[in-house]
Amino acid sequence: MTSDNIGSDPGDANGDVVRIHQPLTDLLADGVFPHNDPFGLYADLRAAGPLSWNAPGGFWVAPRHREVTTVGADAVTWCSGKGILTFEIGAEYPTPPTMMHTDPPAHTRYRSLVQPAFGRRVVRALAPTINAAATALVDRLPTDQPVDAVAQLAAVLPVHVIGMVLGLPESDWDRVWAWSEATIPGTDTHNDPELRNTLRDEMAAELTRLIAAARITPGDDVISQLVSAEIGGDRLTDDELAMFCNQLLVAGNETTRNTISGALVAFADNPGEWTRLLDDRALVDSACEEILRWTTPVIAFMRTATCDTTLAGVPIVAGDPVLMLYASANRDELEFGPDADQFRIDRSPNHHVAFGFGPHFCLGAALARAEITAIINALADAGVTRFELTGPVGHSPSTIIAGITTAPMILHTR
Ligand code: HEM
């Protein structure tokens, strides 16, 4: 991608504000993600300035770390209630479709009710089960012969974990991928709108059944904890519970799957970093953070200005949407230094924004980290010495999730 799509508009009231002459979504859909090369475009955007106006799309684009964190941190000036994805611009929601679409004080209440079910203590207790599941999965995987690292490895653990966390019966687990693909716009597995609707209805019906069952006979799963979560007599309604579980099923699955797939591709592309990890297993935590920075599975989320304000010195009018381009912010040389475009498992500090920033910071971050480190440890314990790609890596055309659809490779043990 060259700078042809980006240019300054001298006639603009904001002087040197950069204008993008094509909708960002078109730019991204137009062959960039299928070839996994959005990073040239991101670098162009960062070099062009801290803020660009996407005229056809009608939104600002913030490609640098500083503005992404400034906007993310301030839920009063920058709201989520008017949509978090660019196709939602202009949408009005009588009731928020997800927790991510709520603003304070509703968001603060919601978050206080659900947060305890995802705390560090809960995840620490789950860790042995997650580690055992990762080990069993890796042990079943053929080594020294071609496998698809997405279907046979990366896709399996998150479904297992989210299924277990939500208390889904094992018979549902192989439906979870299909359900979440049907929920995320732009994923290419279920383009048929009727099939998408059928899958979404199927998922909603199953979650409603589980919520009703947890009210009668609570277990030790997250749905049962959420059903009984209470602060000062305040509880989640059935609709809020259904909406939240729906979100968990998707958020907890797609993102983690693509992070794990991206990690394996990153280690195949950077074999020295895997050797380094094998030599010093204490690097596993910083490797996990670098994997998150490098893969940034959630490409961007949007906020809308609630009042006239400025960002990076640029006047912003109330109602203007701004896209926080996480995937670009995580390669920002101003934050990560001159080697921002290198995969370095000992990077420190590493203030990446793969989990977002501010009050909506990912609720499942501890769980996702536990899954990523479990897979890395299991692969290292199994004696994998290097990953070799044996064919092209397939990328999803989604402009929301940086999806990897296939990653043919050999896991070498000798
Ligand atoms: C590598 C994996 C993951 C990534 C990269 C990721 C990314 C994100 C991001 C960027 C946000 C910010 C939303 C915003 O600012 O509007 C977010 C929020 C959220 N994530 Fe994750 N996520 C991951 C895994 C998970 C998991 C495993 C779960 C749960 C099981 C989860 C549940 C949530 C929820 C509920 C929110 C909404 C929080 C709020 O609005 O306060 N995520 N995630």
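Predicted model only: the values in this text are computed from it and were never measured.

Reading guide: rules and limits
- Residues numbered from 1 in each chain as written.
- Predicted model: local features only at pLDDT ≥ 70, side-chain atom pairs only at ≥ 80, totals over all residues.
- Heavy atoms only, no water.
- 1 Å grid on protein atoms, 1.4 Å probe; cavity = no way out; pocket = protein on both sides within 12 Å on 5 of 7 lines; lining within 4 Å.
- Points joined across faces, edges and corners; volume = space filled by probe spheres on them.
- Helix = DSSP H or I, 4+ residues; strand = E, 2+ residues; numbered from the N terminus.
- Nonpolar A, V, L, I, M, F, W, Y, C, P; charged D, E, K, R; others polar.
- Buried < 20%, exposed > 50% of the residue type's maximum accessible area, 1.4 Å probe, protein only.
- Pairing = 2+ DSSP bridges.
- Axes fitted to C-alpha atoms, helices over the stretch in contact; angles between N-to-C directions.
- Left-handed = near helix turned anticlockwise from the far one by under 90°.
- Contact = heavy atoms within 4.5 Å.
- Polar contact = N/O pair within 3.5 Å; in protein donor to acceptor, adjacent residues only side chain to side chain.
- Donors = N, O, S within 2.8 Å, 3.2 Å for Na, K, Ca; no water.
- Salt bridge = Lys/Arg side-chain N within 4 Å of Asp/Glu carboxyl O.
- Parallel < 35°, antiparallel > 145°, perpendicular 65-115°, else oblique.

> Got a sec to walk through the layout of surface pockets? Specific residues and values, please.
Quantified by volume, the second largest pocket comes out at close to 510 Å³. Forming the boundary of the second largest pocket are 22 residues, of which Arg120, Val123, Ala365, Ala366 and Arg369 lie nearest the centre. Among the secondary structure elements, those contributing two or more residues to the lining of the second largest pocket are α5 (120–140), α14 (284–295) and α17 (365–381). A per-class count over the lining of the second largest pocket returns twelve nonpolar, four polar and six charged.

> I'd love a proper account of the pairing of strand β9 (residues 301–305), names of residues and values included.
Judged by how many residues are buried, β9 sits mostly within the fold: five of five residues are covered. Taking every second residue as pointing to the same face, both faces of β9 are buried, with Phe301, Arg303 and Ala305 on one and Met302 and Thr304 on the other. By the bridge criterion, two bridges tie strand β5 (residues 78–79) to β9 in an arrangement that is antiparallel. Counted as the bridge partner of Trp78 is Ala305 from β9. Two elements, β9 and strand β12 (residues 321–324), share four bridges in a ladder whose sense is antiparallel. From the neighbouring strand, Phe301 faces β12, where its bridge partner is Met324.

> Describe in detail the packing of α5 against helix α7 (residues 156–166), supporting the description with residues and values.
At their nearest, the axes of α5 and α7 sit 10 Å apart, and the two run at 145° to each other. In this structure, α5 meets α7 at a crossing whose hand is right-handed. Counting all contacts with α5, which are made through Leu126, Thr129, Ile130, Ala133, Ala134 and Leu137, the residues of α7 involved are Val156, Leu157, His160, Val161, Met164 and Val165. Looking at the contact of α5 with α7, its residues break down into ten nonpolar, two polar and no charged.

> Give a detailed account of the environment of Thr295, specifying residues and quantitative values.
Along the chain, Thr295 turns up in helix α14. Judged by relative accessible area, Thr295 falls into the buried class, the value being 13%. It is 9.8 Å that separates the C-alpha atoms of Thr295 and Thr255, two residues lying 40 residues apart in sequence. Apart from the residues within four sequence positions on either side, Thr295 is in contact with Thr259, Gly262, Ala263 and Ala402. Looking at Thr295, its side chain comes within polar contact range of the main-chain oxygen of Ile291, at 2.7 Å.

> Account for the coordination of the iron atom of the ligand, naming residues and giving values.
Exactly one protein atom donates to the iron atom of the ligand; that atom is Cys362 (SG), 2.3 Å from the metal. With respect to the helices, strands and loops of the structure, Cys362 is situated in the loop between α16 (333–336) and α17.

> I'd love a proper account of the pattern of salt bridges, names of residues and values included.
Any two side chains of opposite charge can pair, on the condition that their charged atoms come close. For the coordinates displayed, the defined rule picks out 18 salt bridges. Between Asp144 and Arg414 there is a salt bridge, with its nearest N and O atoms 3.4 Å apart. In this pair, Asp144 sits in the loop between α5 and β6 (146–148) while Arg414 sits in the segment after β16 (408–412), placing the two residues 270 residues apart along the sequence. Taking the shortest distance from any N to any O, the salt bridge between Arg235 and Glu230 comes out at 3.5 Å.

> Can you explain unusual backbone geometry? Please cite residues and give values.
Between Pro104 and Pro105 the backbone carries a cis peptide bond, its omega angle lying at 5°. Tracing the sequence through the fold places Pro105 in the loop between β5 and α4 (106–114). A cis amide bond, omega 0°, links Ser348 with the succeeding residue Pro349. Positionally, Pro349 belongs in the loop between α16 and α17.

> Can you tell me about the packing of helix α8 (residues 173–183) against helix α11 (residues 238–251), naming the residues and giving the values?
Look at α8 against α11: their axes get within 9 Å of each other, and the N-to-C directions meet at 105°. With respect to each other, α8 and α11 are oriented roughly perpendicular. Mapping the contact onto sequence places Val176, Trp179, Ser180 and Thr183 in α8 and Asn246, Leu249 and Val250 in α11. Of the residues contributing to the contact of α8 with α11, the split by class is four nonpolar, three polar and no charged.

> Residue-level account of the side chain of Gln247, with values.
Mapped onto the fold, Gln247 is located in helix α11. Sequence-distant contacts of Gln247, defined by excluding residues within four places in its chain, comprise Thr98, Met99, Met100 and Gly252.

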